[in-house]
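Report on the structure
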Amino acid sequence: MGFIVKLLVLSALLSALIKYAAPSLPIPSTDAIALIIVLLPTVMIAIALAWRFQTQKQT
């Protein structure tokens, strides 16, 4: 239950950051940049989970 609460709070903070801070950032609007921005969180989570799986597998 604690993990879900942490995930919801983190998602809310990230949403607020995107809504209020992102429009003021000078990010070039190209398809490649948009794709990187959209896929980066998923790739980071996948890497973190793979690393965690490998460390648990070794012990």
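A brief structural summary. Here the structure is a predicted model, which means the values were calculated and not measured.

**Let's talk about the overall build of the protein chain**
Within the protein chain, the secondary structure is distributed over two helices and zero strands. Projected onto its principal axes, the C-alpha coordinates of the protein chain cover approximately 45 × 30 × 10 Å. Classification of the 59 residues of the protein chain by burial places 0% in the buried group. Accessible surface, the protein chain as shown: approximately 5,700 Å² in total, 77% of it carbon and sulfur.

**Focus on the environment of A12**
Locating A12 in the fold gives a position in helix α1 (residues 2-20). Once the C-alpha coordinates of A12 and M1 are considered, the two residues, 11 residues apart in sequence, prove to be 17 Å apart.

**Side note on a nonpolar patch on the surface**
Taken together, L35, V38, L39, V43 and I47 make up a surface patch of nonpolar side chains, about 470 Å² in accessible area. Relative to the helices and strands, L39 is located in helix α2 (residues 31-58). On the basis of relative accessible area, L39 is assigned to the partly exposed category, the value being 43%.

**Topic: α2**
Here α2 spans 40 Å end to end across 28 residues, near enough to the 40 Å set by a 1.5 Å rise per residue. The largest bend in α2 comes to about 40°, at L39, with the proline P41 one to four residues further on.

**A few points about the environment of S29**
Tracing the chain through its elements places S29 in the loop between α1 and α2. A relative accessible area of 77% places S29 in the exposed class. Residues S29 and V9, spaced 20 residues apart in sequence, show a C-alpha to C-alpha distance of 29 Å.

About the cut-offs
- Residues numbered from 1 in each chain as written.
- Predicted model: local features only at pLDDT ≥ 70, side-chain atom pairs only at ≥ 80, totals over all residues.
- Heavy atoms only, no water.
- Helix = DSSP H or I, 4+ residues; strand = E, 2+ residues; numbered from the N terminus.
- Buried < 20%, exposed > 50% of the residue type's maximum accessible area, 1.4 Å probe, protein only.
- Areas by Shrake-Rupley, 256 points an atom, 1.4 Å probe, with all protein chains shown as cover.
- Patch = residues over 30% accessible without salt bridge, like charges linked within 9 Å, V, L, I, M, F, W, Y side chains within 5 Å.
- Salt bridge = Lys/Arg side-chain N within 4 Å of Asp/Glu carboxyl O.
- Expected span 1.5 Å × (residues − 1).
- Bend = angle between axes of the 7 residues up to and from the residue.

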